[in-house]
Amino acid sequence: MGSAFSTLQFLVSPHIGSLSDKYGRRNILLISMIGNILSALIWVRSTTFASYMLSRVIGGLSEGNVQLATAILSDISTPANRSRALAHVGIAFAICFCIGPPIGAYFASRPVPLSGALQMELNVYAVPALLTLALLVAETLFLAVALPETRNTQPNRYGNDDPTEVHVNEKWKAPSAVRSVKERTELLRVLRKLHFLFLGIFSGVEFTLTFLTFDLFDWNNTQNGALIGSIGIISALLQGGYVRRAISKVGEGKMAQRGVSSCALGLVFLATLPHFVSTQPKIAVGLLRAAAVCLAFTSATVVSSLTAHASLQCDEGFDKDTGKPGAEHPELAKGKALGEFRSSGQLGRAIGPLLACASYWTFGPSITYAVSAIAMLTLSASMKTIAVVPEKS
């Protein structure tokens, strides 16, 4: 089911991005929110697997929030503070990753209010579906009232950052000013490939981690939830406390490479762990916790850094001298380029869990994670071409 959702995102993301370049980020975002509301409405009433799948299909085709939020933040931030601005998306995801599942689990156990009085046939998870619907409606109304159009607008020089810190970063040349169109287009192609390969491996790890804890440690849902929640909390703290401050110094490519290397180390821990479960369970649990910290660092760094790097290759959409909308190369327009970038990652998310699950139950966790670790190390080594410190003028 997760792979089906990601496959739909792979298909639709480039089109959502291109439409936002033509008709505006705000308009397309509001339309996508209406699609999400329709998906939630069907979920509330879905009492069969087919109707629930219909809800997920509509949601997959409508989900444009992440890429459009990225494009909007790219519109209103300068190249100097772009990475810091986009880190907010990752922080928001990490926080929601911590609080969303427990809230859903809590309300899933609650009876549907007034279901008998309304004489409506609802599914057993209608309460979290109704909560989702209410939040989506509130979010859509808020966006309709408060969100301005950002396409082809010149960003505030300082934005919400410390002017003294931005002043230092302004010495850096924007990639669009120092690289040719051909070079930026080629770099975007490389970043899409890296995004696909990384998420293909990483999503497989995410998907099979609960198999590992249930299979080897006999953990229950509460223990698994605590593990996943701790990864989200550490990831949010790292993004807010480390990534936002360090990325301007080390560069987006280098930060992403560090995250990939951290994932490889975490996979080594996971591949070693099964050998200690029976004889030395404390060491096995310690290896699991060490792997969780490594995966949290990966979650905090790789996707946000690669996304920022991709955003910096796009045309800014305005004339830097006059501040008026300027001509863009179609392949470097932010909506289209970032939509294609997200599409490549979603293809990895669609394929990765299927391959990882097949490997896990066929060859076992040690071989699965060992092969994944080798793949991550190879991927990290291949990132040397993008892992360079930003040039200064």
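Please refer to the structure placed before this passage.
First, a word on scope: everything that follows refers to the structure included in this document. Please read all numbers here as calculations on a predicted model, not as lab measurements. (Residues numbered from 1 in each chain as written. Predicted model: local features only at pLDDT ≥ 70, side-chain atom pairs only at ≥ 80, totals over all residues. Heavy atoms only, no water.)

## Overview of the overall build of the protein
Here's step 1: Assigned secondary structure in the protein consists of 15 helices and 0 strands.
Here's step 2: Looking at the 393 residues of the protein, the share that counts as buried comes to 49%.
Here's step 3: When contacts within the protein are restricted to residue pairs at least 6 apart in sequence, those whose partners lie at least 24 apart make up 81%.
Here's step 4: Accessible surface, the protein as shown: approximately 18,900 Å² in total, 66% of it carbon and sulfur. (Helix = DSSP H or I, 4+ residues; strand = E, 2+ residues; numbered from the N terminus. Buried < 20%, exposed > 50% of the residue type's maximum accessible area, 1.4 Å probe, protein only. Contact = heavy atoms within 4.5 Å. Areas by Shrake-Rupley, 256 points an atom, 1.4 Å probe, with all protein chains shown as cover.)

## Quick look at the pattern of salt bridges
Where charged atoms from two side chains of opposite charge approach closely, those side chains can pair.
Here's step 1: By the definition in use, this model includes 8 salt bridges.
Here's step 2: A salt bridge links K334 to D75; its shortest N-O distance comes to 3.4 Å. Pair noted here: K334 is in helix 14 (residues 334–363) and D75 is in helix 4 (residues 65–76), with a separation of 259 residues, a long-range link.
Here's step 3: Residue K334 is classed as buried on the basis of its relative accessible area of 1%.
Here's step 4: A salt bridge links E206 to R349; the shortest N-O distance between them is 3.2 Å. Of this pair, E206 sits in helix 10 (residues 181–217) while R349 sits in helix 14; the two residues are 143 residues apart in sequence, bridging distant segments of the chain.
Here's step 5: Each of D21, R25, D75 and K334 takes part in a single network of salt bridges with overlapping partners. (Salt bridge = Lys/Arg side-chain N within 4 Å of Asp/Glu carboxyl O.)

## Structural notes on the state of the cysteines
Here's step 1: Going through the model one piece at a time under the given rule, you end up with 0 disulfides.
Here's step 2: Sulfur of C294: no disulfide; nearest cysteine sulfur belongs to C263 and is 8.6 Å away.
Here's step 3: The class of C294 is buried, set by a relative accessible area of 10%. (Disulfide = S-S within 2.5 Å.)

## Some details on the packing of aromatic side chains
Here's step 1: Under the criterion given, the structure shown has 8 aromatic pairs.
Here's step 2: Here F211 and W361 contribute two aromatic rings whose centre-to-centre distance is 5.5 Å and whose plane-to-plane angle is 45°, an arrangement assigned as tilted. Here F211, found in helix 10, pairs with W361, found in helix 14; they are 150 residues apart in sequence, far enough to count as distant.
Here's step 3: On the accessibility criterion, F211 (24% relative accessible area) is partly exposed. (Phe/Tyr/Trp six-rings, centres within 6.5 Å; stacked < 30°, edge-to-face > 60°.)

## Here's the deal with the packing of helix 11 (residues 221–250) against helix 12 (residues 252–272)
Here's step 1: One way to put it is that helix 11 packs onto helix 12 with a least axis distance of 7 Å and a crossing angle of 125°. Judged on the interaxial angle alone, helix 12 and helix 11 are oblique. For the pair helix 11 and helix 12, contact is made by Y242, V243, A246, I247 and V250 and by E252, K254, M255 and R258, respectively.
Here's step 2: Class assignment for the residues of the contact of helix 11 with helix 12 results in 6 nonpolar, no polar and 3 charged. (Axes fitted to C-alpha atoms, helices over the stretch in contact; angles between N-to-C directions. Parallel < 35°, antiparallel > 145°, perpendicular 65-115°, else oblique. Nonpolar A, V, L, I, M, F, W, Y, C, P; charged D, E, K, R; others polar.)

## Quick word on the nonpolar core
Here's step 1: The biggest cluster of nonpolar side chains holds 48 residues, and the ones touching the most others in it are L270, L273, L288 and M376.
Here's step 2: Within the residue set of this core, elements represented by two or more residues are helix 10, helix 11, helix 12, helix 13 (281–312), helix 14 and helix 15 (365–382).
Here's step 3: Sorting elements by how many residues they give to this core places helix 10 first, with 12 residues.
Here's step 4: For L270, the contacting residues outside a window of four places in its chain are V205, L209, L212, L288, A291 and Y369.
Here's step 5: Counting residues in each nonpolar core, the second largest holds 14 residues, with I16, A40, L68 and L133 among its members. (Core = buried A, V, L, I, M, F, W, Y, C linked by side-chain atoms within 4.5 Å.)

## Section: the packing of helix 5 (residues 82–108) against helix 13
Here's step 1: Viewed as axis vectors pointing N to C, helix 5 and helix 13 meet at an angle of 135°, and their least axial separation amounts to 9 Å. Overall, the two elements helix 5 and helix 13 adopt an arrangement that is oblique. As helix 5 packs across helix 13, the resulting crossing turns out to be right-handed. Contact residues: helix 5 offers R82, S83 and L86, while helix 13 offers T307, A308, S311 and L312. (Left-handed = near helix turned anticlockwise from the far one by under 90°.)

## A few points about the environment of T368
Here's step 1: Its location among the elements puts T368 in helix 15.
Here's step 2: The spacing of T368 and V205 is 163 residues in sequence and 9.1 Å in space, taken between C-alpha atoms.
Here's step 3: Not counting residues up to four positions away in its chain, the partners in contact with T368 are A356, S359 and Y360.

## Observations regarding unusual backbone geometry
Here's step 1: Phi angles above zero are rare outside glycine, and D218 is one such case at about 60°.
Here's step 2: For D218, the position within the fold is in the loop between helix 10 and helix 11.
Here's step 3: Here D218 falls in the exposed class, since its relative accessible area comes to 58%.

## Some thoughts on a nonpolar patch on the surface
Here's step 1: The grouping of I95, I99, I103, L131 and L135 at the surface amounts to a nonpolar patch, some 410 Å² of accessible area in total.
Here's step 2: When contributions to the nonpolar patch are tallied by element, the ones reaching two or more residues are helix 5 and helix 7 (126–146).
Here's step 3: Ranked by the residues each element gives to the nonpolar patch, the list is headed by helix 5, at 3 residues.
Here's step 4: By the element assignment, L135 lies in helix 7. (Patch = residues over 30% accessible without salt bridge, like charges linked within 9 Å, V, L, I, M, F, W, Y side chains within 5 Å.)

## Brief notes about the side chain of Q346
Here's step 1: Structurally, the position occupied by Q346 is in helix 14.
Here's step 2: Those residues in contact with Q346 that sit more than four places away from it in its chain are S6, Q9 and F10.

## Some thoughts on the side chain of S32
Here's step 1: Here S32 lies in helix 2 (residues 25–45).
Here's step 2: Beyond its immediate chain neighbours, meaning those up to four positions away, S32 contacts S62, G64, N65 and L68.

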